[in-house]
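# Residue-level structural notes
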Amino acid sequence: MAGISAEIAGVAQRLRDGMTNGVLSFPLTGFRDDGGLDLDAYRAYLADRLATAPGAVFPACGTGEFFSLDEDEYRAVVRATVEVADGRLPVVAGVGYGWAQALRFARIAEEVGADAALVLPHYLVGAPQDGLVEQLRRIAAGTRLPLIAYQRGQVTFTADGLRRIARIPTVVGLKDGHSDLDRLQRLTLAAPEGFLFFNGAATAEIQARAYATVGVPAYSSAVHAFAPEIANAFFAALRDGDDASVTTYLREFYVPLVELRDRVSGYAVSLVKAAARLRGLPVGPVRAPLTDPGPTDLADLEKVLDHGLSLVGAVRRSA
């Protein structure tokens, strides 16, 4: 694997630059009403998202319903993302389940030109640190792609576990979804220089200020999937130290959105997709086991969305 170190370092630097300059975009995967993949709609939707200058794009991850895609659909979604992105920003594809299946997805992503892979939490069972480290080692052994580990659910790294995965040459970062800032601070202190961290909590903006205090200012944004105007305004206010605007956005948009999200399991994705449809974006319904919001929740979402857009001088649909 001659030259792999320089290649990996180059991707890591592009990701670092992107995390500094914009939110991390997790696009929705478009489905037709009959549940089939709508690739043309996805391409149009994705082009619209990328026009708003995110720092990197993460197709077929949680927001993109990775868990409901078969391998052929996954290949099509990641390939389309690579083609639409056209080298303008890093493409980091989701991979997951046990290491053998995750490696199959990683090889597909590598084949169609993704820059890196986000290793989603493995399926169902808890595991000790030795197993979590070995999971990443086995995936890394079978693909040239740089890997970002994702700790959430049953995956939690200790400081020693973090040191061990950071020694795997192609593991370049960690996405955190636990929001345990004490543990996260220990991980950042244990990591080697240059190791990437970002905030992957659900509706990450809610905790963005807190994450920044432990040295993790970068974050993923589900809001970018349906309201990049709001997501980018919040990012700019946070970056520029405009605490008054950050507080206003949190109080008047993000907190009401999270309270609505917490009503029903799965709304972290379903509500995002419904908000995109409210804006006329061609994303279609969610796939089972997720369910689309009912009339009451949809009406409440419409109010939250309209008010959030008004805060940044935008409207739900252009004339």
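Attention here is on the structure that accompanies the text. (Residues numbered from 1 in each chain as written. Predicted model: local features only at pLDDT ≥ 70, side-chain atom pairs only at ≥ 80, totals over all residues. Heavy atoms only, no water.)

## Considering the packing of aromatic side chains
Counted according to the given criterion, the structure contains 12 aromatic pairs. Ring centres of Tyr219 and Phe235 lie 6.2 Å apart, and the angle between their planes is 50°; on these two criteria the pair is classed as tilted. Of this pair, Tyr219 sits in the loop between α8 (208–213) and β8 (220–221) while Phe235 sits in helix α9 (residues 228–239), and the two are 16 residues apart along the sequence. Of the aromatic side chains, those joined through ring pairs into one cluster are Tyr219, Phe234, Phe235, Phe253 and Tyr254. Between Lys175 and the ring centre of Tyr150, over which it is positioned, the NZ or CZ distance is 4.2 Å. (Phe/Tyr/Trp six-rings, centres within 6.5 Å; stacked < 30°, edge-to-face > 60°. Helix = DSSP H or I, 4+ residues; strand = E, 2+ residues; numbered from the N terminus. Lys NZ or Arg CZ within 6 Å of the ring centre and 35° of its normal.)

## Focus: the nonpolar core
Counting residues in each nonpolar core, the largest one holds 75 residues, and the members touching the most others are Phe58, Tyr74, Val78, Leu118 and Ile165. The element best represented in this core is helix α3 (residues 71–85), accounting for eight residues. The contact partners of Phe58, leaving out residues within four places of it in the chain, are Leu24, Ser25, Phe26, Pro27, Val92, Leu118, Ile148 and Phe198. (Core = buried A, V, L, I, M, F, W, Y, C linked by side-chain atoms within 4.5 Å. Buried < 20%, exposed > 50% of the residue type's maximum accessible area, 1.4 Å probe, protein only. Contact = heavy atoms within 4.5 Å.)

## Considerations on the sheet that holds β8
Taken in spatial order, the three strands line up as β2-β1-β8 in an open sheet, and their pairing is parallel. Looking at strand neighbours, the two that pair on one side only are β2 (56–57) and β8, the edges of this open sheet. Here two bridges tie strand β1 (residues 24–25) to β2, and the two strands are oriented parallel to one another. Considered in β2, the bridge of Leu24 is made with Ala56. (Pairing = 2+ DSSP bridges.)

## Points about empty space enclosed by the protein
Counting across every chain of the model gives one cavity of 30 Å³ or more. When its volume is computed, the largest cavity comes out at roughly 90 Å³. As for the largest cavity, its lining consists of Val119, Leu120, Pro121, His122, Leu132, Gln135, Leu136, Ala149, Tyr150, Val155 and Phe157. If you list the elements that add at least two residues to the lining of the largest cavity, you get α5 (129–141) and β5 (147–151). Element by element, the count of residues in the lining of the largest cavity is highest for α5, at three residues. Split into classes, the residues belonging to the lining of the largest cavity amount to nine nonpolar, two polar and no charged. (1 Å grid on protein atoms, 1.4 Å probe; cavity = no way out; pocket = protein on both sides within 12 Å on 5 of 7 lines; lining within 4 Å. Points joined across faces, edges and corners; volume = space filled by probe spheres on them. Nonpolar A, V, L, I, M, F, W, Y, C, P; charged D, E, K, R; others polar.)

## A short note on the environment of Glu65
Looking at where Glu65 falls in the secondary structure, it is placed in the loop between β2 and α3. Remark: the alpha-carbon pair of Glu65 and Ile206, spanning 141 residues in sequence, is separated by 22 Å. Ignoring anything within four residues of it in the chain, the contact list for Glu65 reads Thr29, Phe31, Val269, Lys273, Pro285, Val286, Arg287 and Leu290.

## Thoughts on α9
A rise of 1.5 Å per residue sets the reference length of α9, with its 12 residues, at 16 Å; its end C-alpha atoms lie 16 Å apart and thus fit the reference within 8%. For α9, every residue scored as buried is listed here: Pro228, Ile230, Ala231, Ala233, Phe234, Phe235 and Ala237. (Expected span 1.5 Å × (residues − 1).)

## Section: the pattern of salt bridges
Under the defined criterion, the tally for this structure stands at 24 salt bridges. Notably, a salt bridge pairs Glu65 with Lys273, separated by 2.8 Å at the nearest N-O pair. Linking Glu65 in the loop between β2 and α3 with Lys273 in helix α11 (residues 267–278), this pair joins segments that are 208 residues apart in sequence. For Glu65, a relative accessible area of 0% translates into the label buried. In this structure, Arg75 engages Asp72 in a salt bridge whose closest nitrogen and oxygen atoms are separated by 3.5 Å. A residue pair is termed a helical-turn pair when its members lie 3 or 4 positions apart in one helix, as Arg75 and Asp72 do in helix α3 at three residues. (Salt bridge = Lys/Arg side-chain N within 4 Å of Asp/Glu carboxyl O.)

## Some thoughts on the sheet that holds strand β3 (residues 92–95)
Taken together, five strands build an open sheet; the order of strands is β3-β4-β5-β6-β7 and the sheet is parallel. Each of the sheet's edge strands pairs with one partner strand only, and the pair in question is β3 and β7 (196–199). Neighbour-to-neighbour, the strand axes of the sheet open up by a mean angle of 25°, direction not taken into account. Two strands pair when backbone bridges link them, and strand β4 (residues 116–119) and β5 are joined in this way by three bridges, in the parallel orientation. When the bridges of β5 are listed, Val119 appears paired with Ala149. (Axes fitted to C-alpha atoms, helices over the stretch in contact; angles between N-to-C directions.)

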